[in-house]
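These are the residues of each chain, in order.
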Amino acid sequence: MSYIKIRDVSFMYPNGVLAVENINLDIEKGENIAIIGQNGAGKTTTVKLLNGLLKPTKGAVMVGDMDTREYTTAQMSRVVGYVFQNPDDQIFHPTVISEVEFGPRILKFDEKKKDELVNYALEITGLKEYREENPYDLPHSIRKFVTIASIIAMDSQVMIFDEPTAGQDLVGIQRLSDILKEMLQKGKTLITITHDMEFVAENFDRVIVMANKKIIASGTAKEIFWNPEVLEEAMLKPPHVSRVCRELGLGSNIIRIDEAIEAIIAKT
């Protein structure tokens, strides 16, 4: 049985705007998925339905045996951690350490567990040297890692990342990849919204495509990025390397640089 189940869900905002319409989705425990699509496709609304920030207007969202309609956002946050796209919407403590400690304290973890989780979160996100800094004195890219550390320290079973690569350099993007890998090894269920198709190609087992408030496709990155009909409907482009390899006639289903190098060597 799927760990997360979205069944015939629609959501309409109070102003009458329909954000998602009759979507269905199953996510297994320990899966690592990306949700892609243009702005307005319904991606962020969908993930906010998972942690109770929004309640479905129609249909049901189940996380384990929890029906999100029956729990508060605070209760859902014990299971589903959500990293906002803009870290300034999430940070409200005067130091990095107090921000990262807040979740474990609210969850009433004992001091030993709290300290272990906080130190681990600071280590994996590269924030140990900033622990006493005011987050708002740090660059936007580092503030993003403060919010990620805060979710890691809560030890949530489901972790949602909204546009984590936005504003990151190559070092930050590699750190994000390493964090995803390590969280997967710990058995976490990971859901990432992103416009970074190269990041999708390198990091995700399954890709969900949204367009016009609906889920229009689900598959591996290769299946999605070499499906021109889906990409056209969603107004998306495959990774740059895919486009170059296609023009060079290097074969199908190339979505990563290492695959392109292998194809070039094989052809020479």
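Attention here is on the structure that accompanies the text. All values derive from a computational prediction rather than experimental measurement.

1. Observations concerning the environment of Leu54
Part 1: By the secondary structure assignment, Leu54 is in the loop between helix H1 (43-50) and strand S4 (58-63).
Part 2: Using a relative accessible area of 14% as the deciding quantity, one classes Leu54 as buried.
Part 3: For the pair Leu54 and Met12, spaced 42 residues apart in sequence, the C-alpha to C-alpha distance is 9.9 Å.
Part 4: Discounting residues that sit within four places of it in the chain, Leu54 has contacts with Phe11, Tyr13, Thr45, Lys48 and Leu49.

2. With respect to the packing of aromatic side chains
Part 1: Using the criterion set out here, one finds 4 aromatic pairs in the structure.
Part 2: Each ring, one from Phe11 and one from Tyr13, has its centre 4.7 Å from the other, and the planes form 85°; the classification is edge-to-face.
Part 3: Between Phe199 and Phe204, the ring centres sit 5.7 Å apart and the planes meet at 70°, which makes this aromatic pair edge-to-face. The same class applies to Phe199 and to Phe204, which are both buried.
Part 4: A cation over a ring is seen here: Lys113 above Phe109, with NZ or CZ 4.2 Å from the ring centre.
Part 5: Geometry around Tyr120 places Lys186 over its ring, the cationic atom sitting 4.7 Å from the centre.

3. With respect to empty space enclosed by the protein
Part 1: Applying the stated criterion across every chain, the model contains 1 cavity of 30 Å³ or more.
Part 2: Estimated volume of the largest cavity: approximately 50 Å³.
Part 3: Lining the largest cavity are Phe161, Pro164, Leu176, Ile179, Leu180, Thr192 and Phe199.
Part 4: With 3 residues, the single largest contributor to the lining of the largest cavity is helix H6 (residues 170-185).
Part 5: Classifying every residue of the lining of the largest cavity by side-chain character gives 6 nonpolar, 1 polar and no charged.

4. Details of H6
Part 1: In this model H6 runs 23 Å from its N-terminal to its C-terminal C-alpha over 16 residues, within 8% of the 22 Å that 1.5 Å per residue would give.
Part 2: Residues of H6 that are buried: Gly172, Ile173, Leu176, Ser177, Ile179, Leu180 and Met183. Angularly, the buried residues of H6 cover 160° about the axis, an arc narrow enough to put them on a single face. Opposite the buried face of H6, at more than 90 degrees from it, the exposed residues are Leu170, Val171 and Gln185.

5. A few points about the pattern of salt bridges
Part 1: All chains considered together, the criterion is met by 16 salt bridges.
Part 2: Salt-bridge contacts for Lys214 lead to Glu21; the nearest nitrogen and oxygen are separated by 3.6 Å. Placement of Lys214 in strand S10 (residues 214-219) and of Glu21 in strand S2 (residues 18-27) is noted, with a sequence separation of 193 residues between them.
Part 3: Exposure remark for Glu21: the relative accessible area of 29% places this residue in the partly exposed category.
Part 4: For the salt bridge of Arg256 with Glu259, the shortest nitrogen-to-oxygen distance reads 3.5 Å.
Part 5: On the basis of relative accessibility, which here comes to 24%, the residue Arg256 falls in the partly exposed class.
Part 6: Here the salt bridges share partners, and the residues they tie into one network are Glu101, Arg105, Glu111, Lys114 and Asp115.

6. Remarks on helix H5 (residues 140-153)
Working note: α-helix, 3.6 residues per turn, so residues spaced by three or four point in the same direction.
Part 1: For H5, with 14 residues, the first-to-last C-alpha span of 20 Å sits near the 20 Å given by 1.5 Å per residue.
Part 2: For H5, a buried count of 12 out of 14 residues is recorded, marking the element as mostly surrounded by other parts of the structure.
Part 3: Buried-residue contacts for H5 involve strand S6 (80-83), helix H3 (96-106), helix H4 (111-124), strand S7 (158-162) and H6.

7. So, the pairing of S2
Part 1: Sheet analysis places strand S1 (residues 4-12) next to S2, joined by 6 bridges and oriented antiparallel. The residue of S2 that forms the bridge with Phe11 is Val20.
Part 2: Here S1 hands over to S2 after 5 residues, with Gly16 in that stretch at a positive phi of 95°.

Procedures and definitions
- Residues numbered from 1 in each chain as written.
- Predicted model: local features only at pLDDT ≥ 70, side-chain atom pairs only at ≥ 80, totals over all residues.
- Heavy atoms only, no water.
- Helix = DSSP H or I, 4+ residues; strand = E, 2+ residues; numbered from the N terminus.
- Buried < 20%, exposed > 50% of the residue type's maximum accessible area, 1.4 Å probe, protein only.
- Contact = heavy atoms within 4.5 Å.
- Phe/Tyr/Trp six-rings, centres within 6.5 Å; stacked < 30°, edge-to-face > 60°.
- Lys NZ or Arg CZ within 6 Å of the ring centre and 35° of its normal.
- 1 Å grid on protein atoms, 1.4 Å probe; cavity = no way out; pocket = protein on both sides within 12 Å on 5 of 7 lines; lining within 4 Å.
- Points joined across faces, edges and corners; volume = space filled by probe spheres on them.
- Nonpolar A, V, L, I, M, F, W, Y, C, P; charged D, E, K, R; others polar.
- Expected span 1.5 Å × (residues − 1).
- Arc of directions from axis to C-beta.
- Salt bridge = Lys/Arg side-chain N within 4 Å of Asp/Glu carboxyl O.
- Pairing = 2+ DSSP bridges.

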